[in-house]
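Given next are the chains, with one letter for each unit.
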Amino acid sequence: MTTESLVGQTRTAYRTCPLCEATCGLEITIEDDDVLRIRGDRDDVFSRGFICPKGSSLKQLHNDPDRLRRPLIRRNGAFVEASWDEALKVVAKGLQPLIAEHGKDSVAVYLGNPNVHNMSGPIYNRALLKMLGSKNVFSASTVDQMPKHVSSGLMFGHPDTIPVPDIDRTDYLLMLGANPKVSNGSLATAPDWPGRMAAIRERAGKVVVVDPRLSKTAEDASEHIFIRPGTDALWLAALGNVIVAENLVHLGHLAGHVNGVDEAAAAFDRYTPEAVEQTCGIPAAVTRRIAREFATAEKAVAYGRIGTHTTRFGTVASWLVDALNALTGNLDSPGGAMFARAATERPRSPRAFRTGRWASRVEGHPEVRGEMPVATLAAEIETAGEGQVRALITVAGNPVLSTPDSGRLDAALAGLDFMVSIDIYLNESSRHADVILPAPSPLERNHYDFAFTALSVRNVANYSPQVLPRDSESPDEWETLLRLAAIVAGLPAATDIAPLDDQVLVTLVSGSVADERSPISGRDPAEIVAATSGEEGPDRILDFLVRTGPYGDGYGAGDGLSLDELIAHPHGIDLGPLQPRLPELLSTASGRVELAPESIIGEMARLQELMGPRSGMLLVGRRTLRSNNSWMHNLEVLVKGKERCTLQINTEDAARLGVGDGDPVAVTSSAGTVTAPASVTERIMPGVVSLPHGWGHQAEGSSLSVASKRPGVNTNLLSPTDLLDPLSGNATLTAIPVEVELAG
Ligand SMILES: Nc1nc2c(c(=O)[nH]1)N[C@H]1C(S)=C(S)[C@@H](COP(=O)(O)OP(=O)(O)OC[C@H]3O[C@@H](n4cnc5c(=O)[nH]c(N)nc54)[C@H](O)[C@@H]3O)O[C@H]1N2
Ligand SMILES: Nc1nc2c(c(=O)[nH]1)N[C@H]1C(S)=C(S)[C@@H](COP(=O)(O)OP(=O)(O)OC[C@H]3O[C@@H](n4cnc5c(=O)[nH]c(N)nc54)[C@H](O)[C@@H]3O)O[C@H]1N2
Ligand code: SF4
Ligand SMILES: [Mo]
């Protein structure tokens, strides 16, 4: 293999870390198929050696005895190992009669976060969903970034046309609801966020962090501003108000390419810094100053993430961030918010982005990108009637820990007629399955970041071949997904999936030769299929996508990228800094940026509901560096040391409630109660408490020997299932009203 150098029994492999969005390059030393060491790849064109503590834990993940290697099936109430053939037969026997009797909507699918960190998910989940044809599709997107997809779809024409902060060239980074020093960034792929933020300050720029907690990121910022949770949209509107009132609007090179400037400006009308001061907890003078600084900085960018998206006004806040960038000449401009050009990018056809093509059965929520809000999954399972969800397929998801009112969902999953999970652990969610089909360890599969190269602060392409061999019995995840696709289409469990895989490629090729914008327009599809390298699966699709993409060789049409080229560059290929891409990239019906989408302007009026005096405590979340959502708590190397699942509470509140550091504190919301040890600190606003998510590993029947010793509590027992963002269906996971008291 080109990516490995053999030195005696020891070899070195290079691989992109698939755990978070930062896509760090890893250098992996291996002896006799044992991983000796993992460290940052200093030659990686993007990460230059940066790594966090999770990257090197791929070794421990690979070796974790609890990680599933063989399918499990439920027999007489207990899980037993089974062959792949047998397990798939049980799946067919469970799903096919249900579909025959109750229709396709009776089977729901939940897609979890690791799908986007894996080559199989982005391509082969689509095949599964298409063959199933169920309206009941759910994913982690509606507890995460769905607001960004909706605002981007409305403004730029496509829900994946998402601008990212050009942090390597900006002079002024205004960040809300994100903590990239710990999360390593999200919807903004950049290995070494800490170093890149430090560089902004070193070049005399400014980083302003708006967060109800003095986060690690805020600690290193030029300025930190406490904000009352859940009020970001209101505060951003006040910034817009000042920018309009003080004539600081300038569209820069976008002038003439933007619709709705006056309507957007008018929407800020009533939200003066003074009007929102009390609600947001930010002095009007500070708001005015930040608005001026932001609007007059040479190169500035606003960036908002989880804390701004997981609220009732998530889509409005997401829109406001991009609207402020546009109104100050910072959209699509170096140092502002820019669009990556991924090596696998497809041309986007002009059309109106729409949501609500159908509605959820029980609560009538509009469909968004073909999905229903995951906060409504339990209701769809519990509520009898035509279209009731009777079976569930989870792929790389742990909804029992990651989605709202999870106690209710936990109970609902127990009542399903059938459930199958593709997962690497027997955990809080998969314990409800009748069959668990394991996926390979990250070191046992090839890797390419389809999703994150499109959200990257620099254009790069980096392919990694599998590092360790997979045992011959174990399929790759895409094969399992295609097997499930065959089963839900009514085919026998033992169907040969090769023709289905061919069909996935042929469909893409046929579309491309028929598209006049494609470099292979008009060519013979059979010739293109034959010339595609990679024998099967996602590699072959990657070769096709890269060769017909913006840097591709066009199948002989010119010099350029291909899978072979990627393989020849184990440290990645640098494709340069982001370039302005508007108006060409726009796929709105008008061909312009739509700055004032009707549905968003309508919601702007409703922002008023947030105003007025507030009392009571609010719960927010947080992440810790050594965790990754719910599923890396079974690695001793990451969880050892001090307890991390604590309730942060301000010193003043703690004194008022008689709570000392480490005392058990009961937190109660409309959904439930949890008790966690207090962490008394000045680093959180008075009136706000914080719990991390992804904990609560005491579930009976799961098999997590390390995690169960430090279970923590599940904060999503407190998250409500009402209060969804009406435009995106995203759940509310922050600013949850709670009562807090010393536990008895
Ligand atoms: N309160 C609160 N809740 C939150 C959040 C929050 O900030 N606060 N954040 C939300 C966000 S941003 C997200 S993305 C979601 C995540 O929500 P989920 O995706 O539901 O949860 P994860 O914890 O990522 O669970 C991933 C599952 O995939 C399995 N897995 C890991 N690798 C693989 C693999 O390669 N293949 C397969 N098949 N399985 C694999 C793991 O064992 C685990 O069961 O949680 C959300 N929930
Ligand atoms: N170590 C680690 N890294 C991760 C993950 C992980 O679990 N652990 N998960 C990955 C995933 S799936 C994602 S989506 C990303 C998310 O990455 P980020 O978006 O950076 O998310 P967090 O680190 O949770 O930071 C959110 C911040 O928002 C603040 N906040 C809460 N409510 C509000 C509010 O109402 N307004 C404002 N302004 N701030 C608020 C919180 O105090 C917190 O500091 O991280 C990814 N990286
Ligand atoms: S920052 Fe993310 S990508 Fe980089 S090593 Fe850590 S987990 Fe992996
Ligand atoms: Mo996420």
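Everything that follows concerns the structure shown earlier in this document.
Okay, the overall build of the protein next. If you tally the helices and strands in the protein, you get 24 helices and 29 strands. For a compact globule of 744 residues, the expected C-alpha radius of gyration is about 27 Å, and the protein comes in at 25 Å, within 12% of that figure. Structurally, the protein occupies a C-alpha span of about 65 × 65 × 60 Å along its principal axes. Relative to its full complement of 744 residues, the protein shows a buried share of 61%. The contacts in the protein between residues at least 6 apart in sequence include a share of 73% that link residues at least 24 apart. Carbon and sulfur atoms provide 50% of the accessible area of the protein, an area that totals close to 26,400 Å². For the protein, the distance from the average position of its 69 positive side-chain charges to the average position of its 92 negative side-chain charges is 2 Å.

In the structure shown here, the tally under the stated rule is 37 salt bridges. One salt bridge connects Arg 357 with Glu 367, and the closest N-O pair in it is separated by 2.5 Å. Here the residue Arg 357 occupies a position in the loop between strand E15 (337–338) and helix H14 (377–382), and Glu 367 occupies one in the loop between E15 and H14, the gap between them amounting to ten residues. Taking the shortest distance from any N to any O, the salt bridge between Glu 636 and Arg 710 comes out at 3.5 Å. Separated by 74 residues along the polypeptide, Glu 636 in helix H23 (residues 636–639) and Arg 710 in the loop between strand E28 (688–690) and strand E29 (736–742) bring together distant segments of the chain. Take Glu 636: its relative accessible area is 40%, and that puts it in the partly exposed class.

Take the nonpolar core next. Formed by 93 residues in total, the largest nonpolar core has its most connected members in Leu 173, Leu 174, Trp 235, Met 604 and Leu 607. Setting aside chain neighbours within four positions, we find Met 604 in contact with Ala 237, Ala 267, Phe 268, Tyr 271, Val 316, Trp 319 and Leu 320.

Okay, the site of ligand 3 next. Around ligand 3, the neighbouring residues are Cys 17, Leu 19, Cys 20, Ala 22, Thr 23, Cys 24, Ile 51, Cys 52, Lys 54, Gly 55 and Asn 184. Grouping the amino acids of the shell around ligand 3 by side-chain chemistry returns seven nonpolar, three polar and one charged.

This next bit is on the packing of aromatic side chains. Per the stated rule, a full pass over the model turns up six aromatic pairs. Consider the rings of Trp 193 and Tyr 303, whose centres lie 5.6 Å apart with planes at 25°: the pair is stacked. Placement of the pair is Trp 193 in helix H6 (residues 193–202) and Tyr 303 in strand E14 (residues 300–304), with a sequence separation of 110 residues. Each member of the pair Trp 193 and Tyr 303 is classed as buried.

The local shell around ligand 2 holds 29 residues, among which Asp 211, Asp 232, Ser 627, Asn 629 and Thr 734 are the closest. Between ligand 2 and Arg 213, the relevant distance is 2.7 Å, taken from an oxygen atom to a side-chain nitrogen or oxygen of the residue. Contact between ligand 2 and Leu 625: a nitrogen atom at 3.2 Å from a main-chain N or O atom of the residue. A total of 920 Å² of accessible area belongs to ligand 2 in isolation, and the protein chains cover 97% of it.

Turning to the sheet that holds strand E11 (residues 206–210), a few remarks are in order. The parallel open sheet is built from four strands, whose spatial order is E12-E11-E10-E14. Two strands bound the open sheet, and with one partner strand each, they are strand E12 (223–225) and E14. Shown here is a sheet whose adjacent strand axes are inclined to one another by a mean of 15°, direction ignored. Relative to E11, strand E10 (residues 172–176) runs parallel, the two sharing five bridges. Residue pairing across strands places Leu 174 opposite Val 208, the latter belonging to E11.

Moving on: the sheet that holds strand E17 (residues 418–422). By definition, the strands of a sheet pair up through backbone hydrogen bonds, in either a parallel or an antiparallel sense. Spatial ordering of the open sheet is given by E6-E5-E18-E17-E16-E7-E8, a layout of seven strands whose pairing is mixed. If you trace the sheet from one side to the other, it starts and ends with strand E6 (78–81) and strand E8 (137–139), each paired once. Neighbour-to-neighbour, the strand axes of this sheet turn through a mean angle of 20°, independent of strand direction. Relative to E8, strand E7 (residues 107–111) runs parallel, the two being bridged by three bridges. Pairing of Val 109 across the sheet is with Val 137, part of E8. Sheet strands touched by helix H2 (residues 84–102): strand E5 (72–75), E7, strand E16 (391–395), E17 and strand E18 (435–437). Its angle to E17, the strand with the most contacts, is close to 135°. Lying over the sheet, helix H3 (residues 120–132) contacts E7, E8 and E16, oriented at roughly 165° with respect to E7.

The subject of this paragraph is the side chain of Thr 453. If you trace the backbone, Thr 453 turns up in the loop between strand E19 (447–448) and strand E20 (458–461). According to the relative accessible area criterion, Thr 453 is buried, its value standing at 7%. Polar contacts involving the side chain of Thr 453 include one to the main-chain carbonyl oxygen of Asp 449, which spans 2.8 Å. A polar atom in the side chain of Thr 453 sits 3.4 Å from the backbone oxygen of Phe 450. Setting aside residues up to four positions removed in sequence, Thr 453 forms contacts with Ala 340, Ala 342, Tyr 448 and Val 460.

With that settled, the discussion passes to the side chain of Thr 328. Position of Thr 328 relative to the elements: it lies in the loop between helix H13 (314–327) and E15. For Thr 328, a relative accessible area of 2% translates into the label buried. Of the polar contacts made by the side chain of Thr 328, one reaches the backbone oxygen of Leu 324; its length is 2.7 Å. Those residues within four positions of Thr 328 in sequence are excluded, and the remaining contacts are Ile 243, His 250, Phe 294 and Ala 295.

A cis amide bond links Leu 582 to the next residue, Pro 583, at an omega of 5°. Mapped onto the elements of the fold, Pro 583 is located in the loop between strand E22 (573–577) and strand E23 (593–594). Here Ala 204, not a glycine, exhibits a phi torsion of approximately 70°, which is positive. Take Ala 204: it is sitting in the loop between H6 and E11. Assessed through its relative accessible area of 71%, Ala 204 is described here as exposed. Phi at Asp 405 takes a positive value of approximately 40°, unusual for a residue other than glycine. You can see Asp 405 is positioned in the loop between helix H15 (399–402) and helix H16 (406–414).

Here is what the cut-offs are and how they apply
- Residues numbered from 1 in each chain as written.
- Chains lettered and ligands numbered in written order.
- Predicted model: local features only at pLDDT ≥ 70, side-chain atom pairs only at ≥ 80, totals over all residues.
- Heavy atoms only, no water.
- Helix = DSSP H or I, 4+ residues; strand = E, 2+ residues; numbered from the N terminus.
- Rg over C-alpha atoms; globule rule 2.2 N^0.38 Å.
- Buried < 20%, exposed > 50% of the residue type's maximum accessible area, 1.4 Å probe, protein only.
- Contact = heavy atoms within 4.5 Å.
- Areas by Shrake-Rupley, 256 points an atom, 1.4 Å probe, with all protein chains shown as cover.
- Lys, Arg positive; Asp, Glu negative; His and termini not counted.
- Charge placed at Lys NZ, Arg CZ, Asp CG, Glu CD.
- Salt bridge = Lys/Arg side-chain N within 4 Å of Asp/Glu carboxyl O.
- Core = buried A, V, L, I, M, F, W, Y, C linked by side-chain atoms within 4.5 Å.
- Near = heavy atom within 4 Å.
- Nonpolar A, V, L, I, M, F, W, Y, C, P; charged D, E, K, R; others polar.
- Phe/Tyr/Trp six-rings, centres within 6.5 Å; stacked < 30°, edge-to-face > 60°.
- Polar contact = N/O pair within 3.5 Å; in protein donor to acceptor, adjacent residues only side chain to side chain.
- Pairing = 2+ DSSP bridges.
- Axes fitted to C-alpha atoms, helices over the stretch in contact; angles between N-to-C directions.

So far we have only geometry, and geometry alone does not tell us how the molecule works.
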